[in-house]
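Listed below, chain by chain, are the residues.
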Amino acid sequence: MPGRQTHWSTDGNAFASIEQGDLVRTDIRTGRKTPLITKDKFRRPGSDQPLVITDFTFTPDSTQLLLFTNTARVWRYNTRGDYYLLNRASGQLRQIGSGPSALPAQSMMYAKFSPDGKKVGFVSDHNIFVEDVATGQRTQLTTDGTRKRINGTFDWAYEEEFDCRDGFRWSPDSKRIAYWQVDATKIKDYLMLNTTDSIYSYVIPVEYPKVGESPSPTRIGIVSAAGGATNWLAIPGDPQQHYLTRMEWFPTTDAIIVQQLNRKQNESKLFVCNPSTGSAAVIATETDKAWIDNKDRWNPAGPAGWEWLNGGKAFIWVSEKDGWRHIYRVTSDGKQEVLLTPGSYDISTINHIDEASNLVYFIASPENTNQRYLYRTRLDGKGKAERVTPAGLAGTHGYSISPNGRLAAHTFTNYQTPPAREWISLPDHKPVSESESIASRVKPMAKTNVNFFTLKTEDGTNLDGWMAKPTDFDSTKKYPVVFYVYGEPASSTVNDVFSVGSNNMFLGDMAKAGYIYVALDNRGTPNLKGAAWRKSIYRQIGRINIRDQAMGAKKLFSQHAYMDTSRVAVWGWSGGGSTTLHLLFQYPDIYKTGISIAAVGNQLFYDNIYQERFMGLPQENREDFVAGSPITYAKNLKGNLLYIHGTGDDNVHYDNAEVLINELVKYNKPFQMMAYPNRTHSISEGPGTSQHLRTLYTNYLLQHCPPGAR
């Protein structure tokens, strides 16, 4: 079974993968493995050691292989490293960017073949290059790239909040490249301080537009693959007040399509652009009272690509304009559209477009919004959505579907079933091998102490949740309650997956220790409950979601006498850390202990793309940001607080911790603090870090919210 990215064969009946250093082709129906290239062919020139291959790509004719190795992390993912080109006929292995004027090692990003397979384009040190596959001749297409003038990739905010990383596109005829240029020269740096890796501290600058600061101006240029001047698209609108979130070439015509969002992200425009003249004509406009989601919300592969139909004469689009997230078919001039998924339900993701069969496959769950199933419907809008996932496996399903739409890697989990995989055929959804099928080999693990529920708060809001009761539970006794929270638009905590009821931060078993463990889904989370549910949190983060959580807890206490209201704890990470602080500060009579990790303490300190999308502009409604920030309520702390943050967090900066500390000090509020030097938002770097964090978490919970029945 392949990993996150499936390298399908051209016919869609097999996939390629690296196994024990060899490149192997696996026939999905027979399971037969055929070595394509053995590890001895991957030896770096002049070395006996084979390359450790992270990823690979074939040319369309499969004669050349591009290898990605020696990778390094850029913010969240390993997207920088070295690339090698392997000629399969001659066996020659050559490093891209090598030669007399070699590019720096581990500096290359997003290398990819031109459509004709004759060139490789890539980014190095914020500039775009092209290298000829046959001759190795390298051409530098841009020369003005710096840390703050970024060609072919993106700054921190675009990458984090729009999932934009690969910032250039080959034209279908392989003669030109269209690329983003991000001008972050006027964006202020947040200065992180490294105090441990040398005897003198040094500054690590991150170009980071805080909320209220204008976005990095961004433009799209077209340059010949042979070199020369860039022609810039003349897209209307002030670049400092707009974002360019998607861009692709039309598949068969000399045109480019671009999506532009305004700064508030509540107006989307689609432009068709002429790459030669730079002219841009708007073909579609959509507005929303709150915000418009980007493609990365409904496509697990991110915002790259455009879902073209009929050779570029139409395309697939997703919108919430009727109150639900639905799929539309739109003509390329924007004049005609057809709703493909009518009904009072949301689609979660689009998984495959099978134009030959006139079908689009997508994930949805109309009956239970905490679960996920595969559906399909006709591309012409004349059919009804039909469920493809068979009955019998209730829970969360995922699919990676082959290019021909006949096979798929199917994943399944629910709260009782660890993640499992199988190959299935489509459209009948039959296992390719009965002996390897999920149904035949995966047995649920009994979690009799876990149950899902729905409650109605005193505000009349229905909240979904789950509860894991202690082992040997006795309803006549009282147990401590620990709430796990997130609560913001980026994530939900109540989906039906195997992690439900377990806490990987706790050293041991929460149920055996004697805790009731609970999660609630408040308004504003991204669950499949319609746009009104998701967007009710607009300008209300830190208020509506916090009240829902507190009123949900209050309702649970009224329903279950076995919950010990003198022992109530709450914890969360990132947005969940912020929610934890809010609950501890705003409802100190409910929550007695809180563990907050990597929290935003002041909304005015976070990045502009995320915070302005969900809260508006502080220049217009600053009072909402103040009312939604934990520091505003820190003076109300009564209980026990453990606050944890990494000083090298480039996402939620360490200044959030220090302003919160100042506020707690100001009001003489005792608390416990743990700063992890130079750790990022994940607080995972360095030997022993994860174990230390879990030990700290566990000991604090045991001390301040003692487990067990009373």
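Residues numbered from 1 in each chain as written. Predicted model: local features only at pLDDT ≥ 70, side-chain atom pairs only at ≥ 80, totals over all residues. Heavy atoms only, no water.

The name an unreviewed UniProt entry assigns to the chain is S9 family peptidase, from the organism Spirosoma agri.

Chemist: Is there a simple way to think about the sheet that holds strand β23 (residues 280–287) in this case?
Modeler: Adjacent strands of a sheet form backbone hydrogen bonds with each other and so pair up, either parallel or antiparallel. The 4 strands lie next to each other as β20-β21-β22-β23, forming an open sheet whose pairing is antiparallel. Edge positions in the sheet fall to β20 (242–249) and β23, since each of these pairs with one other strand and no more. Sheet twist, expressed as the mean angle between neighbouring strand axes with direction ignored, is 20°. (Pairing = 2+ DSSP bridges. Helix = DSSP H or I, 4+ residues; strand = E, 2+ residues; numbered from the N terminus. Axes fitted to C-alpha atoms, helices over the stretch in contact; angles between N-to-C directions.)

Chemist: Teacher, can you tell me more about the sheet that holds strand β24 (residues 308–309) here?
Modeler: Sheet architecture is open: 4 strands sit in the order β24-β25-β26-β27, paired in antiparallel fashion. Edge strands, defined here as strands with exactly one partner in the open sheet, are β24 and β27 (337–339). Note that strand β25 (residues 314–319) and strand β26 (residues 326–331) share 6 bridges and pair antiparallel. By the bridge assignment for β26, F315 is matched with V330.

Chemist: How should I be thinking about the nonpolar core in this particular structure?
Modeler: A general tendency of soluble globular proteins is for nonpolar side chains to be buried together. In this structure, F483, V518, F585 and Y591 are the most contacted members of the largest nonpolar core, which totals 85 residues. At 7 residues, the largest contribution of residues to this core is made by helix α5 (residues 544–559). Looking at this core, you find at least three residues from each of domain 2 (149–163 + 171–306) and domain 3 (450–704). In this view, F483 contacts V518, L520, A553, L556, F557, V568, A569, V570, W571 and Y591; residues no more than four positions away in its chain are not counted. (Core = buried A, V, L, I, M, F, W, Y, C linked by side-chain atoms within 4.5 Å. Buried < 20%, exposed > 50% of the residue type's maximum accessible area, 1.4 Å probe, protein only. Domains from an automatic or database assignment. Contact = heavy atoms within 4.5 Å.)

Chemist: Any chance you could explain the packing of aromatic side chains here in plain terms?
Modeler: In total, this model carries 32 aromatic pairs according to the counting rule given. Ring geometry for F483 versus Y591: centroids 5.9 Å apart, planes at 70°, classification edge-to-face. In this pair, F483 is assigned in strand β38 (residues 479–484) and Y591 in the loop between α6 (575–586) and β41 (593–597), connecting sequence segments 108 residues apart. The pair F483 / Y591 is uniform in exposure class, with both members buried. Feature note: the residues F154, Y158, F162, W180 and Y243 constitute an aromatic cluster, connected by ring pairs. In this arrangement the basic side chain of K447 is found over the ring face of F498, its NZ or CZ atom lying 4.1 Å from the centre. Over the face of the ring belonging to W533 we find K529, whose NZ or CZ atom lies 4.1 Å from the ring centre. (Phe/Tyr/Trp six-rings, centres within 6.5 Å; stacked < 30°, edge-to-face > 60°. Lys NZ or Arg CZ within 6 Å of the ring centre and 35° of its normal.)

Chemist: Would you mind showing me how to read helix α8 (residues 618–627) here?
Modeler: Working note: α-helix, 3.6 residues per turn, so residues spaced by three or four point in the same direction. Of all the positions in α8, only P618, N621, D624, F625 and A627 are classed as buried. For α8, the secondary structure elements touched by its buried residues are α7 (608–615).

Chemist: What is the right way to look at empty space enclosed by the protein in this model?
Modeler: Think of a ball as big as a water molecule: rolled over the atoms, this probe shows where empty space is left. Taken as a whole and assessed by the stated rule, the structure comprises 3 cavities of 30 Å³ or more. Around the largest cavity, the lining is made up of 18 residues, and of these I292, D293, W298, V318 and S319 lie nearest the centre. Per element, the largest residue contribution to the lining of the largest cavity is 3 residues, and it comes from β25. Along its surface, the second largest cavity is lined by W291, D293, R297, R325, P489, G524, T525, P526 and R534. A per-class count over the lining of the second largest cavity returns 3 nonpolar, 2 polar and 4 charged. The residue makeup of the lining of the second largest cavity includes at least three contributed by each of domain 2 (149–163 + 171–306) and domain 3 (450–704). (1 Å grid on protein atoms, 1.4 Å probe; cavity = no way out; pocket = protein on both sides within 12 Å on 5 of 7 lines; lining within 4 Å. Points joined across faces, edges and corners; volume = space filled by probe spheres on them. Nonpolar A, V, L, I, M, F, W, Y, C, P; charged D, E, K, R; others polar.)

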